[in-house]
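Geometric and topological summary
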Amino acid sequence: MAAHARMFGRLVDRQNSVTHFKKILQCLNGNNQRLCSGATHKKNKLELGNTTLSAPNFNASRKTRPKERRLTDDSIPPFSAFLTDTFGRRHSYLRISLTEKCNLRCQYCMPEEGVKLTPRAQLLSTLEVLTLARLFVREGVEKIRLTGGEPLIRPDVLDIISELRKLEGLKTIALTTNGMNLARLLPKLKDAGLDLINISLDSLVPAKFEFIVRRKGFHKVMEGIDRAIEMGYHPVKVNCVVMRGLNEDELLDFVALTEKKPLEVRFIEYMPFDGNKWNFKKMVSYQEMLDHIRQQWPNLEKLQTGHSDTAKTFKVHGFKGQFGFITSMSDHFCGSCNRLRITADGSLKVCLFGNSEVSLRDVLRSGASDEELLQIIGGAVGKKKKQHAGMFSISQMKNRPMILIGG
């Protein structure tokens, strides 16, 4: 970090913008959770108006930014130091939430009373999403996942995917969806360049599905899953949050779903977030789930996964698909974490369970250069902890509801 500071000092001197940098630092020192004052937001509201910007204007808008020095191989290591933390973890995977809105009300994601949505002018515009994505990809991000809320209800989602597809160095564009609008939009999503799909589905029983998500729509989700398979997405990942007394009795049914369909069902341990009434007794651990499944299929094959993959993955011999476990609570994978998150209102979260945030939106709207943005990003990544605090400590911490973070 000392080296970064020296480098930044040289950049500021060269650009003769000490006053501007002090303004940014004052903004950063003002509030750890929300950077800059409300007055800034009022000013932005007047300047920005609509938070969406059509994709055809993206390149033209970029030309209006001052020409900035791109960091070359002479000034950064092969993988950006700004995206490498003090434990050597390289963050090549960025999750961007496109919206806080959702057409479902899942119990583990949103409080029953709903959430207070961020004013539209304070959400990232299309241009801002693409500007940040470009910067992260330039520094070494190879995979971007679009989340929400429900990303498919954002009107410009196809434009965003199309523009992301043009970024040199970006290998994978993924999307996590509740599947309600998927079947209808899937042909256009594929044409735009979407590579991978994760679909949330917490029950195979329509009535129970409606109880969990507090809305109808089970058959729409199943239609979306089947359509994704038909269109060649492989594997189609199905995310299932397992909660004791609610859907843990469907584990075998979900695994059986992989017999004829090339799915990857991923059982997710129930995690604590603001407003979801998390309780340790409701959490079904990975080991308990695995033991139950092994009673039905004793000879499971454990599959090899990549270093930074989050799921422990298994397969029943002869089945087309596979299943896995996201063990965030009982057996964390913090040591290989390569993920960063940007919320819909532009805050960078370096850990899903951490409550510290840095508003890239406010720094971006202050007129900061790419190099100044990178210093802020590098500072946040550099403070990322070795691992999260553990399920019991997390349950007592103040954090956003999941819907305001981005799944």
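Residues numbered from 1 in each chain as written. Predicted model: local features only at pLDDT ≥ 70, side-chain atom pairs only at ≥ 80, totals over all residues. Heavy atoms only, no water.

1. Side note on the overall build of the protein
The secondary structure content of the protein amounts to 15 helices and 12 strands. Looking at the protein as a whole, 57% of its 407 residues qualify as buried. Partitioning the contacts of the protein with sequence separation of at least 6, the portion at a separation of at least 24 is 75%. Surface summary for the protein: the accessible area is close to 18700 Å², and the carbon and sulfur share equals 52%. (Helix = DSSP H or I, 4+ residues; strand = E, 2+ residues; numbered from the N terminus. Buried < 20%, exposed > 50% of the residue type's maximum accessible area, 1.4 Å probe, protein only. Contact = heavy atoms within 4.5 Å. Areas by Shrake-Rupley, 256 points an atom, 1.4 Å probe, with all protein chains shown as cover.)

2. With respect to unusual backbone geometry
Each neighbour pair has its own omega, and for G148 with G149 the value is 25°, a cis peptide bond. Assignment of secondary structure puts G149 in the loop between β2 (143–147) and α6 (157–164). Located in the positive-phi region is R214, a residue other than glycine, with phi close to 60°. Here R214 falls in the partly exposed class, since its relative accessible area comes to 26%.

3. Examining the packing of aromatic side chains
Scanning all chains against the criterion turns up 9 aromatic pairs. On the numbers, 5.7 Å between centres and 70° between planes, the contact of F209 with F218 is edge-to-face. Residues F209 and F218 agree in their burial class; the two are buried. Geometrically, the ring pair formed by F267 and F325 is tilted, given 5.8 Å between the ring centres and 40° between the ring planes. In this pair, F267 is assigned in strand β6 (residues 263–269) and F325 in strand β9 (residues 322–326), connecting sequence segments 58 residues apart. For F267, a relative accessible area of 0% gives the class buried. Chaining the aromatic ring pairs together yields one cluster made of F254, F267, Y286, F314, F323 and F325. We note K190 situated over the ring of Y233; from NZ or CZ to the ring centre the distance is 4.5 Å. The cationic tip of K312 hangs over the ring face of Y286; the distance from NZ or CZ to the ring centre is 5.5 Å. (Phe/Tyr/Trp six-rings, centres within 6.5 Å; stacked < 30°, edge-to-face > 60°. Lys NZ or Arg CZ within 6 Å of the ring centre and 35° of its normal.)

4. Observations concerning the sheet that holds strand β1 (residues 93–97)
Taken together, the 12 strands give an open sheet; going across it, the order is β7-β8-β9-β6-β5-β4-β3-β2-β1-β10-β11-β12, and neighbouring strands pair in mixed fashion. Whereas interior strands pair on both sides, the edge strands pair on one side only; in this sheet they are β7 (301–302) and β12 (358–359). Across 4 bridges, the pairing between strand β8 (residues 311–315) and β9 is antiparallel. Among the inter-strand pairings, T313 is bridged to a residue of β9, identified as G324. Packed onto the sheet, helix α9 (residues 218–230) meets β4 (196–200), β5 (236–242) and β6 and runs at close to 160° relative to β4. (Pairing = 2+ DSSP bridges. Axes fitted to C-alpha atoms, helices over the stretch in contact; angles between N-to-C directions.)

5. Some remarks on the side chain of E264
Locating E264 in the fold gives a position in strand β6. Here E264 is buried and forms no salt bridge, its nearest opposite-charge partner K237 lying at an N-O distance of 4.5 Å. (Lys, Arg positive; Asp, Glu negative; His and termini not counted. Salt bridge = Lys/Arg side-chain N within 4 Å of Asp/Glu carboxyl O.)

6. A look at the pattern of salt bridges
This model, assessed by the stated rule, comprises 17 salt bridges. The partner of R89 in a salt bridge is D85, with the nearest N and O atoms 2.5 Å apart. By relative accessible area, which is 6% here, R89 ends up buried. Exposure remark for D85: the relative accessible area of 5% places this residue in the buried category. Beyond isolated ion pairs, a larger network of salt bridges with shared partners links R134, R138, E139 and D370.

7. Structural notes on the confidence of the model for the protein
Detail in the predicted coordinates should be disregarded across regions flagged by low pLDDT. Chain-level statistics for the protein give a pLDDT mean of 80 and a share of 71% at 70 or above. In this model, residues 1–23 is a region of pLDDT below 50 whose contacts with residues beyond four sequence positions or in other chains number 25 contacts. The low-confidence segment residues 25–77, where pLDDT is below 50, has 75 contacts with residues more than four positions distant or belonging to other chains. (pLDDT = per-residue confidence, 0-100.)

8. Comments concerning the environment of E168
With respect to the secondary-structure elements, E168 resides in the loop between α6 and β3 (172–177). Remark: the alpha-carbon pair of E168 and R138, spanning 30 residues in sequence, is separated by 8.0 Å.

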